[in-house]
2 protein chains.
Amino acid sequence: MSDLPKAVSIKEEGPREGFQFEKGPIPTARKIELIDSLSKTGLKEIQVVSFVPGKNVPGMADADEVVAGLHAEPGVSYRGMWLNEKGLMRALASTKLEIQAGLVLTASETFLRRNQNRTLEENLEGVRRMADVYVEHQVPVHRVSIAAAFGCNFEGDIPREKVLGMIAQLFDIARERGLDVGTIFLADTMAWATPVTIKRMVGDVRDRWPDKTVALHLHDTRGMGIANAMAGLEMGVAHFDSAVGGLGGCPFASHKGAAGNVCTEDFVFLCEELGIETGVDLEALLESARLAEDIVGHPLPGSVKTGGALSTLRRRLQRA
Amino acid sequence: MSDLPKAVSIKEEGPREGFQFEKGPIPTARKIELIDSLSKTGLKEIQVVSFVPGKNVPGMADADEVVAGLHAEPGVSYRGMWLNEKGLMRALASTKLEIQAGLVLTASETFLRRNQNRTLEENLEGVRRMADVYVEHQVPVHRVSIAAAFGCNFEGDIPREKVLGMIAQLFDIARERGLDVGTIFLADTMAWATPVTIKRMVGDVRDRWPDKTVALHLHDTRGMGIANAMAGLEMGVAHFDSAVGGLGGCPFASHKGAAGNVCTEDFVFLCEELGIETGVDLEALLESARLAEDIVGHPLPGSVKTGGALSTLRRRLQRA
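So, how was this worked out
Residues numbered from 1 in each chain as written. Chains lettered and ligands numbered in written order. Predicted model: local features only at pLDDT ≥ 70, side-chain atom pairs only at ≥ 80, totals over all residues. Heavy atoms only, no water. UniProt positions renumbered as here; feature names shortened; annotations may be inferred. Pairing = 2+ DSSP bridges. Helix = DSSP H or I, 4+ residues; strand = E, 2+ residues; numbered from the N terminus. Axes fitted to C-alpha atoms, helices over the stretch in contact; angles between N-to-C directions. Left-handed = near helix turned anticlockwise from the far one by under 90°. Contact = heavy atoms within 4.5 Å. Nonpolar A, V, L, I, M, F, W, Y, C, P; charged D, E, K, R; others polar. Right-handed = clockwise from strand over helix to strand, strands pointing away. Expected span 1.5 Å × (residues − 1). Buried < 20%, exposed > 50% of the residue type's maximum accessible area, 1.4 Å probe, protein only. Phe/Tyr/Trp six-rings, centres within 6.5 Å; stacked < 30°, edge-to-face > 60°. Lys NZ or Arg CZ within 6 Å of the ring centre and 35° of its normal. Domains from an automatic or database assignment. Salt bridge = Lys/Arg side-chain N within 4 Å of Asp/Glu carboxyl O. Polar contact = N/O pair within 3.5 Å; in protein donor to acceptor, adjacent residues only side chain to side chain. Disulfide = S-S within 2.5 Å. Core = buried A, V, L, I, M, F, W, Y, C linked by side-chain atoms within 4.5 Å.

Chain A has the name Hydroxymethylglutaryl-CoA lyase in an unreviewed UniProt entry, where Caenimonas aquaedulcis is given as its organism. Under the heading Sequence similarities (unreviewed entry), UniProt records this for chain A: "Belongs to the HMG-CoA lyase family."

As structure tokens, then:
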């Protein structure tokens, strides 16, 4: 356990993953209310919207209004997501967002075909095109990302060699354009990872690219989210995506009613108990989680919001 | 990860932990329905009832009827729980239960005082008395157990030395009566454990009693259940309590609405993915989990019952 990081950075994905997934409709003002609440917890990176067509993802139809309406807190980096140049242009039109791009491949070709009707080669072509767009608009490219890196409901287990090969392809695309990309994101989009496969994958990626930062985007669809995050921490991973309350889920992967992203407050609780710095005020975050639950109007899977933080209990016991 | 056990044994606690905790009146026939369903999953040990006074725990008022009505499956060991001699006599009256006793201490004296209005010394005296009763009735004493071994909502963190000292006291009581007890159960009754404290505690216990079997009873109140179970597995622990659907909770520890025991099917899923033999048919168990949810009439926290087993998906993909 000696590799536990001293501190972690967390990218909060709740507003984007959650409101994209919820059947809604959720009023724009309430989305902003959650983002503003999260802004005061100490979280330093918040993914607030995805700039996708409202006809495809109704929950993101008001993305521009959400960004326009949020009350930006100094020191917090607000992020948006996009899938193509049109989405990027919408993101660039905002003055409130920190624009950081990623080069993304999906490890499952079956998923690609079913979900985007594309082959891997077509997808690579799309990545090259977007990379050119980033160069043209001087958008910093911060990460290479592999979606479905651990397995796919339509293809099955994904061999690690395949993931390593795709990461190499993405770095090639970056290098050809003079882009220096520092972070490798591994996304367990459909929740196939276990603590063992997390450790093996992170180990192999780090062996091959020892100078790069490894980051994890984990889903909790099969209840392994926190255990997988722990495995990442034990490998020294210090960058995680998560979603307040456990908001989210994968709208494409036929997981109706299943849990979403690994839950931010449960992860912050874990870090706090392990003595790993998150910069987050857990009690404030629990308030945000309860607010998220109120906004979506149904119970969210996070546990600490009902179980309670131990740091708070300890303080109370010390005073008593 | 080389210490992962090849196989684990699971004591299913759902019927006892769950029906003791649920507010509902749940008809006896439906309790039996769940037990009978669990009996066909491959689970080899099922804790079915607690013989406590119905006026204290209304959900257990029909304990004798539940035991009388269950359809015992060959090869399944049905268990009951009791807190005193009167309860034990009720258990002994049944021909269907395998009677195994434990010597139990609670690591938190504050909890003891609040919950049972007893001091540690009075509790030790009670354990000695029960040990005498077990000798008198020739009841095999199978385990020593420490409740609240990792922390207590009313006392705070529990030092490991205290737990080690209590285990030693229990072994002394056993030895004085010629009882050879093989198993040490560590119960995280109020969900204070983390993967790190699990590893430290299991390590210390094993260092001191290398010939004994260590077992874990974990709660998921703060979302750490599966991560803590994984930590146990990594330490070679091969005996776990869990509850189907994540039924249960602690009725005494002011955790209203909080998650209960670590969820059996999520734990079986983890083991299956790690190649650890459980003897359980996960699909059958998922049916039991859905039945449990139907019986209690509200969503239960387990994730795999909605996320789905990967073994099933893999088989389906191989056929396609």
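More follows now that the structure is in view.
*Asks:* Please explain the sheet that holds strand S2 (residues 45-51) of chain B as it appears in this structure.
*Replies:* Picture the strands of a sheet paired through backbone hydrogen bonds; they go either parallel or antiparallel. All names here are of chain B. Spatially, the eight strands line up as an open sheet ordered S3-S2-S1-S10-S9-S8-S5-S4, and their pairing is parallel. Because the sheet does not close on itself, it has two edges, and the strands there are strand S3 (77-82) and strand S4 (101-106). For this sheet, the mean inter-axis angle between neighbouring strands, taken without regard to orientation, is 25°.

*Asks:* How should the packing of helix H8 (residues 195-208) of chain B against helix H9 (residues 225-234) of chain B be read in this particular structure?
*Replies:* Two numbers describe a pair of packed helices, the interaxial angle and the distance between the axes. Residue and element names in this part refer to chain B. Running from N to C, H8 and H9 point in directions that differ by 35°, and their axes come no closer than 8 Å. Considering only the axes of H8 and H9, their crossing is right-handed. Here H8 contributes Pro195, Ile198 and Lys199 to the contact with H9, which in turn contributes Ala227, Asn228, Ala231, Gly232 and Glu234. When its residues are assigned to classes, the contact of H8 with H9 shows four nonpolar, two polar and two charged.

*Asks:* Please explain the sheet that holds strand S10 (residues 239-242) of chain A as it appears in this structure.
*Replies:* All names here are of chain A. Taken together, eight strands build an open sheet; the order of strands is S3-S2-S1-S10-S9-S8-S5-S4 and the sheet is parallel. Bordering the open sheet on either side are strand S3 (77-82) and strand S4 (101-106), each of which pairs with just one other strand. Taking each pair of neighbouring strands and ignoring which way they run, the sheet shows an average axis angle of 25°. Pairing analysis gives two bridges linking strand S9 (residues 213-217) to S10, with the strands arranged parallel.

*Asks:* How should the pairing of S10 of chain A be read in this particular structure?
*Replies:* Moving residue by residue along a regular strand, the side chains alternate between the two faces of the sheet. Residues and elements named next belong to chain A. Pairing of strand S1 (residues 9-12) with S10 involves four bridges; the strand directions are parallel. Note that in S10 the partner of Ser9 across the bridge is His239. Running through helix H9 (residues 225-234), the crossover from S9 to the neighbouring parallel element S10 is right-handed.

*Asks:* Help me understand helix H2 (residues 28-39) of chain B, please; the structure alone is not making it clear to me.
*Replies:* For an α-helix, the turn length of 3.6 residues means that residues three or four places apart are oriented alike. Residue and element names in this part refer to chain B. Look at H2: 17 Å from first C-alpha to last across 12 residues, which is about the 16 Å you get at 1.5 Å a residue. The set of residues buried in H2 consists of Lys31, Ile32, Leu34, Ile35, Asp36, Leu38 and Ser39. Residues of H2 that are buried make contact with strand S1 (9-12), helix H1 (14-21), S2, helix H3 (63-69), S3 and helix H11 (282-296).

*Asks:* How do you make sense of the packing of aromatic side chains when you look at a structure like this?
*Replies:* Aromatic ring pairs are defined here through the distance separating the ring centres and the angle between the ring planes. All names here are of chain A. Counted by the stated rule, this structure contains eight aromatic pairs over all chains. Ring geometry for Phe111 versus Phe154: centroids 6.2 Å apart, planes at 15°, classification stacked. Pair noted here: Phe111 is in helix H5 (residues 109-116) and Phe154 is in the loop between strand S6 (151-152) and strand S7 (156-157), with a separation of 43 residues, a long-range link. Residue Phe111 is classed as buried on the basis of its relative accessible area of 7%. Across from the ring centre of Phe154, 4.0 Å away, lies the NZ or CZ of Arg114, which sits over that ring.

*Asks:* Would you take a moment to explain the domain arrangement of chain A for this structure?
*Replies:* Reports of interface size often rely on the accessible area that becomes lost once the parts have come together. Residue and element names in this part refer to chain A. If you check the domain split of chain A, you get domain 1 (1-99 + 243-320) and domain 2 (101-217). Using C-alpha coordinates to define each centre, domain 1 is positioned 23 Å away from domain 2. Facing 17 residues of domain 1, the contacting portion of domain 2 comprises 15 residues. Taken together, the links from domain 1 to domain 2 amount to zero salt bridges. Our count for the domain 1 to domain 2 interface comes out at two residue pairs in polar contact (both at pLDDT 80 or more). Put simply, the parts of the chain that give the side of domain 1 that touches domain 2 at least two residues each are helix H1 (14-21) and helix H4 (85-92). Per element, the largest residue contribution to the side of domain 1 that touches domain 2 is four residues, and it comes from H4. Taken together, the residues that form the side of domain 1 that touches domain 2 break down as eight nonpolar, four polar and five charged.

*Asks:* So what exactly am I meant to see when it comes to the state of the cysteines here?
*Replies:* Note: disulfide means a covalent bond formed between the sulfur atoms of two cysteine side chains. The full count for this structure, using the stated rule, is zero disulfides over all chains. Cysteine Cys263 of chain B is unpaired, with the sulfur of Cys271 of chain B as its nearest cysteine sulfur at 12 Å.

*Asks:* Would you mind showing me how to read the nonpolar core here?
*Replies:* One recurring pattern in soluble globular proteins: nonpolar side chains tend to sit buried together. Judged by nonpolar contacts, the single largest core of 220 residues is most densely connected at Leu186 of chain A together with Leu186 of chain B. The residues that make up this core include at least three from each of domain 1 (1-99 + 243-320) and domain 2 (101-217) of chain A. In this structure Leu186 of chain A touches Ile146, Ala149, Phe150, Val163, Ile167, Met201, Val202, Val205, Val214, Ala215, Leu216 and His217 of chain A, once residues within four positions along its chain are discounted.

*Asks:* Just to check I follow, could you spell out the pattern of salt bridges for this structure?
*Replies:* Close approach of charged atoms allows side chains with opposite charge to pair. Within the structure shown, the criterion is met by 50 salt bridges over all chains. Here Lys162 of chain A and Glu155 of chain A are joined by a salt bridge, their closest N and O atoms 3.0 Å apart. Residue Arg30 of chain B is joined to Asp294 of chain B by a salt bridge in which the shortest nitrogen-to-oxygen separation is 3.1 Å. One end of the pair, Arg30 of chain B, is in helix H2; the other, Asp294 of chain B, is in helix H11, with 264 residues separating them in the sequence. Taking the relative accessible area as the measure of exposure, Arg30 of chain B reaches 24% and is therefore partly exposed. Connected through salt bridges with shared partners, the residues Lys11, Glu13, Arg16, Glu17 and Asp241 of chain A form a single ionic network.

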